[in-house]
Structure formats: C-alpha cells, structure tokens
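Architecture and fold: a report
Each chain, written out:
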Amino acid sequence: MNNNSKKKFFAFIFIYFMLMVGDMLLTYIGTPDLKDEANPLVKVFGLGWGALIGHMMFGFLLYSGFVYYTFIRYKRPVLQCEGYKQYVSMLLYGCLDRKKAKQHVEWKNFWAIFGNMLVIGYIIIRVLIIIDWIGALNVNPICHWFAVKFRSIMPIYLGMSLLGIVILIGLYYCVLYNWYRMNKKQLECAKDT
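First, a word on scope: everything that follows refers to the structure included in this document.

1. Comments concerning the overall build of the chain
Within the chain one finds eight helices and zero strands. Considering only C-alpha atoms, the chain reaches an extent of 60 × 35 × 30 Å along its principal axes. Burial status across the chain gives 38% buried among its 193 residues. If you take every contact in the chain between residues at least 6 apart in sequence, the share linking residues at least 24 apart comes to 68%. Of note, the chain has its 21 positive side-chain charges centred 6 Å away from the centre of its 10 negative side-chain charges.

Shown next, in the form of structure tokens:
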C-alpha cells in the first residue's frame, strides 16, 4: 500500500462521512417527523429514525469496504493489449476469445471497477441529495429551483434512484477508460526503459 492510496482512502471516507452527517442534519431540520423523507424505508415501509440511521450506517460500512478494496487491497494489472476493447476484454475476462470469456470472469477486477464507480458515484449522489434538501428548505434560490424542478418530474426517491443509475453507468465507462489510459502509459514507460 503506497502513501497516495492511503491518503485517497482516508479522504474518501472523510468526505462521505461528512456528507452523510450533513444529509442527516438536513433531514432532521427539514422533517423531524420524517413526513417528507424520501428514503423508501421511511416513505414506503413507515419505519422511523432508527431504520434511517441503521440504513445510513450500513451504507457507510459498505462504502468503506469498497473504498478499502479499491484503494488499499486491489492492485490494477498492467495488460498487454492493442486497444481499449482488448484492454476491457483482458481486464474483465482474462482473454480475447469470446467463447472462453463467457465462461470466466475476473471477479477481482470487476469488483475493483464496481468499487471505483461506487466510491465516486455515492459522493455525487449524496451531494445531489444535500442540494435537494437545501432547495426544499428554500435556503438557496438555485438549490430551490433544482429541488422544485427535480421533484416536479417524478417522486424524489425514484428520481434519485434513476439519476444514480445513470451516474454509475457513466462512471463505469469513465473508470474503464481512465484505467486503459493508465495501462497504456505504464506500457509506454516500460517500453522506454
């Protein structure tokens, strides 16, 4: 584990924790009785603060696990490949043959990509939730405009879920392309020496 990985690990954990605390505080300020809370545990199942806090803690532990695996445990392999498609095939399936690829998945690489997506995606989604709360509380006119427009399209829990899926799909391709570029740079450096 290098020092840069350790810094990223603690930075992401700290940022996510602070965003989670901010979300909980805004929830308490905005709806102490949880009448307007969008979390399905509260909105659909009628559970209270205990379930909401438990859900947040479970999410934080899950997030911490993905951050740990992504930045501390996982070592991205350097792969000999001709282009982006070959890199993705080698990374996820360990080969270029499509018939063999359907039978074998490189799970450690898959989980690292998934972890990378979640590490970044959860922060983006948490920020959007906080912006929505600030707007719902009418603290900031720009945030209020966002909250009104966003909530007018669809229910907030459905909207945030769909937005989260779109963000994660986009991050999937961003992470893979970024890893491909780093792999290419490492291969070029190795060729020069």
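There is more to say, and it comes next.
2. Quick notes on unusual backbone geometry
For Leu34, which is not glycine, the phi torsion reads 65° and is therefore positive. Mapped onto the elements of the fold, Leu34 is located in the loop between α1 (3-30) and α2 (40-43).

3. A look at the packing of α1 against helix α3 (residues 49-73)
Where α1 meets α3, the closest approach of the two axes is 9 Å, and the angle between their N-to-C directions is 165°. Relative to α3, the element α1 is oriented roughly antiparallel. Pair α1 / α3 crosses with right-handed handedness. The residue inventory of the contact of α1 with α3, partitioned by class, reads 19 nonpolar, three polar and three charged.

4. So, the nonpolar core
Among the nonpolar cores identified, the biggest contains 23 residues, and Tyr87, Leu91, Ile113, Met117 and Trp179 are the most heavily contacted of them. Where this core is concerned, the elements lending two or more residues are α4 (84-93), α6 (107-136) and α8 (156-192). By size, the runner-up hydrophobic cluster in this structure holds 21 residues, among which are Phe9, Ile13, Leu26 and Val67.

5. Brief notes about the side chain of Ser64
Within the element layout of this structure, Ser64 appears in helix α3. Taking relative accessible area as the criterion, Ser64 reaches 17% and is therefore assigned buried.

6. Some words on α4
Among the residues of α4, those classed as buried are Tyr87, Val88, Ser89, Leu91 and Leu92. Phi for Gly94, located one or two positions after α4, is positive at around 75°.

7. Details of the pattern of salt bridges
According to the stated counting rule, one finds one salt bridge in the structure shown. For Asp23, the salt bridge goes to Arg126, with nearest N and O atoms at 2.5 Å. Linking Asp23 in helix α1 with Arg126 in helix α6, this pair joins segments that are 103 residues apart in sequence.

8. So, the packing of α1 against α6
The relative placement of two packed helices is expressed as an angle between their axes plus a distance between the axes. Interaxial distance between α1 and α6 falls to 10 Å at its minimum, and their mutual angle equals 25°. Classified by the angle their axes make, α1 and α6 are roughly parallel. Read as a crossing pair, α1 and α6 show a hand that is left-handed. In this structure, α1 contributes Phe12, Ile15, Tyr16, Leu19, Met20, Gly22, Asp23, Leu26, Thr27 and Gly30 to the contact, and α6 contributes Val119, Tyr122, Ile123, Arg126, Val127, Ile129, Ile130, Trp133 and Ile134. Within the contact of α1 with α6, the residues separate by chemical class into 14 nonpolar, three polar and two charged.

9. Some remarks on the side chain of Arg126
Residue class for Arg126 comes out buried when judged on its relative accessible area of 10%. Excluding its chain neighbours within four sequence positions, the residues that come into contact with Arg126 are Tyr16, Leu19, Met20, Asp23 and Met56.

10. Considering the packing of aromatic side chains
Evaluated as defined, the whole model comprises 22 aromatic pairs. Look at Tyr16 and Tyr63: their rings are 4.0 Å apart centre to centre, the planes differ by 20°, and that puts the pair in the stacked class. Placement of Tyr16 in helix α1 and of Tyr63 in helix α3 is noted, with a sequence separation of 47 residues between them. In this pair, the class of Tyr16 matches that of Tyr63, namely buried.

Parameters and conventions
- Residues numbered from 1 in each chain as written.
- Predicted model: local features only at pLDDT ≥ 70, side-chain atom pairs only at ≥ 80, totals over all residues.
- Heavy atoms only, no water.
- Helix = DSSP H or I, 4+ residues; strand = E, 2+ residues; numbered from the N terminus.
- Buried < 20%, exposed > 50% of the residue type's maximum accessible area, 1.4 Å probe, protein only.
- Contact = heavy atoms within 4.5 Å.
- Lys, Arg positive; Asp, Glu negative; His and termini not counted.
- Charge placed at Lys NZ, Arg CZ, Asp CG, Glu CD.
- Axes fitted to C-alpha atoms, helices over the stretch in contact; angles between N-to-C directions.
- Parallel < 35°, antiparallel > 145°, perpendicular 65-115°, else oblique.
- Left-handed = near helix turned anticlockwise from the far one by under 90°.
- Nonpolar A, V, L, I, M, F, W, Y, C, P; charged D, E, K, R; others polar.
- Core = buried A, V, L, I, M, F, W, Y, C linked by side-chain atoms within 4.5 Å.
- Salt bridge = Lys/Arg side-chain N within 4 Å of Asp/Glu carboxyl O.
- Phe/Tyr/Trp six-rings, centres within 6.5 Å; stacked < 30°, edge-to-face > 60°.

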